[in-house]
Amino acid sequence: MKLADRYLKLPPYLFAGLEQKTAAMKAAGVDLIDLGIGDPDLPPPAFFVASMHRHLDDADTHLYPTSQGDPAVRRVIAEWFKNRFGVTLDPDREICVLIGAKEGLANFSRIIVNPGEKVAVPDPAYPVYAQAGAILNDAEPVRLPLDPEKGFIPDISAAEGCRILYLNYPNNPTGATAPDEFFDEVAAFAENHPDTAVVQDAAYSEMTFGGYRSPSLLQFTRKAIEFHSISKLFNATGFRVGFAVGSASLIKPLTALKTQFDSGAPLFIQRAMADGLTRYDGATPPPKIIQNLREYEKRRLLVEDGLEWLGWDVLKSKATFFVWAKVGDDELPVVNAAIGKGVVLTPGSGFGKSGTGYVRLALCQPYDRIEEAVERLKGL
Ligand SMILES: Cc1ncc(COP(=O)(O)O)c(C=O)c1O
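Residues numbered from 1 in each chain as written. Predicted model: local features only at pLDDT ≥ 70, side-chain atom pairs only at ≥ 80, totals over all residues. Heavy atoms only, no water.

A. Summary view of the environment of L277. Mapped onto the elements of the fold, L277 is located in helix α9 (residues 267-278). On the basis of relative accessibility, which here comes to 3%, the residue L277 falls in the buried class. When the C-alpha atoms of L277 and F234 are compared, they prove to be 9.8 Å apart, with 43 residues separating the residues in sequence. Residues within four places of L277 in sequence aside, it is in contact with V76, I77, W80, L233, F234 and F243. (Helix = DSSP H or I, 4+ residues; strand = E, 2+ residues; numbered from the N terminus. Buried < 20%, exposed > 50% of the residue type's maximum accessible area, 1.4 Å probe, protein only. Contact = heavy atoms within 4.5 Å.)

Quick look at the structure:
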């Protein structure tokens, strides 16, 4: 079958070989500690699962949901946003429920980008921005290097002329957070560039530690769109729900576009998300979530210390369950040696050229397994 050029332009999957190798080792019974995949090992909180069970009995839950999401769920999101960030949203014009942030980040680009135009993406970054956001629209990704000297913050002036500027703080893969001054700069850019859609991916906004709370870009400008997810907040990556908030001029076409592609997230999952958000006490997450965050923080400190001992240059961060470490000029020999010791790491170059020489560790294994992984790495 002849395949479309835009599909064929997707870069080859860099780690297919690595994945095959680890799968073969697992099948052969090798005791591998997988710090590659950012998928929470902790279970969803009981309140979230119980809520889904309850809403399965709702009389309308078997029906097609609407593409913008249940109006009552959008009202809860607006209330949560007001309590959490101090930003008032119109639930009918400024909120769209999504089938996860990934779906929204990818689909959003279709309402903005024409073939041949440019899309600014951080480098390194979550691959969806360059691939779904640019390449699958026959557009060109413009890479904005995240400079370690500047705390992994890009120079956004390089996004001049781009139709979308994707940003992501707290950041995957680096774990970096952005200072308020950067959000001020982004706000000024958004005000001065009406033809560039400024997108903030806030998938990790709730995964922060040590008293740090991530702001919303909407506190700094309303001329933007922000994508939120409960995947990591409620350890619910498989349930597929999130939401977009922001300028009505972006939410409206996003909703219209989605009517052509999907029929929305299942109602019982949307409602469980809403019930979970109502468990916040003002801006404070429910106790079970605070407990989960303490566990991730403990794992983070363990790994940051362990890798420093190894002589790797580690970004110490107060957010995300990703640890980003510089291991040399080329990370692939280190990644291969780690597999030899039974530890799977993600090579930084898979997130973009600027990730070369780095590895990402996802803290999605129990504490004692991570402790064991660090010991194994010390033997490299
Ligand atoms: C930066 C970033 N954005 C978005 C997502 C996807 O979120 P969701 O599960 O809501 O689609 C991920 C998941 O790994 C991510 O790392």
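B. Up close: a negative patch on the surface. A cluster of acidic residues, D155, D180, E181, D184 and E185, forms a negative patch at the surface. Here D155 shows up in the loop between β4 (140-145) and β5 (164-167). In this structure D155 comes out as partly exposed when scored by relative accessible area, which is 48%. (Patch = residues over 30% accessible without salt bridge, like charges linked within 9 Å, V, L, I, M, F, W, Y side chains within 5 Å. Areas by Shrake-Rupley, 256 points an atom, 1.4 Å probe, with all protein chains shown as cover. Salt bridge = Lys/Arg side-chain N within 4 Å of Asp/Glu carboxyl O. Lys, Arg positive; Asp, Glu negative; His and termini not counted. Charge placed at Lys NZ, Arg CZ, Asp CG, Glu CD.)

C. Expanded view of the layout of surface pockets. In this structure, the second largest pocket encloses a volume near 200 Å³. Lining of the second largest pocket is provided by 13 residues; of these, T208, F209, G211, I290 and L293 occupy positions nearest its centre. Looking at the lining of the second largest pocket residue by residue, the classes come out as five nonpolar, four polar and four charged. Counting the residues that make up the lining of the second largest pocket, at least three belong to each of domain 1 (5-44 + 286-378) and domain 2 (67-278). (1 Å grid on protein atoms, 1.4 Å probe; cavity = no way out; pocket = protein on both sides within 12 Å on 5 of 7 lines; lining within 4 Å. Points joined across faces, edges and corners; volume = space filled by probe spheres on them. Nonpolar A, V, L, I, M, F, W, Y, C, P; charged D, E, K, R; others polar. Domains from an automatic or database assignment.)

D. Geometry of the sheet that holds strand β13 (residues 358-362). As summarised here, the arrangement of the four strands in space is β9-β10-β13-β12, forming an open sheet in which the pairing is antiparallel. Edge positions in the open sheet fall to β9 (313-314) and β12 (346-347), since each of these has one partner strand only. Bridge count between β9 and strand β10 (residues 322-326): two bridges; the pairing is antiparallel. Within the sheet, the bridge partner assigned to D313 lies in β10 and is K326. (Pairing = 2+ DSSP bridges.)

E. Summary view of the site of the ligand. D201, Y204, S229, S231 and R240 are the nearest of the 15 residues found near the ligand. Here an oxygen atom of the ligand sits 2.6 Å away from a polar atom, N or O, in the side chain of S231. Contact distances for the ligand include 2.7 Å between an oxygen atom and a side-chain N or O atom of R240. When the free accessible area of the ligand is taken as 400 Å², the share hidden by the protein chains comes to 91%. A total of three residues in the shell around the ligand trace back to one element, the largest contributor, which is helix α5 (residues 101-110). The class makeup of the residues in the shell around the ligand is six nonpolar, five polar and four charged. (Near = heavy atom within 4 Å. Polar contact = N/O pair within 3.5 Å; in protein donor to acceptor, adjacent residues only side chain to side chain.)

F. Here's a closer look at the packing of aromatic side chains. Here the structure, examined in full by the defined rule, presents 21 aromatic pairs. When the ring of W80 is compared with that of F81, the centres are 6.0 Å apart and the planes differ by 70°; the resulting orientation is edge-to-face. Under the relative-accessibility criterion, W80 is labelled buried at 4%. Here the aromatic cluster, defined as three or more aromatic residues joined through ring pairs, consists of W80, F81, F85, F243 and Y280. Between K298 and the ring centre of Y367, over which it is positioned, the NZ or CZ distance is 4.6 Å. Sitting over the ring of W309, K378 keeps its end group 4.9 Å from the ring centre. (Phe/Tyr/Trp six-rings, centres within 6.5 Å; stacked < 30°, edge-to-face > 60°. Lys NZ or Arg CZ within 6 Å of the ring centre and 35° of its normal.)

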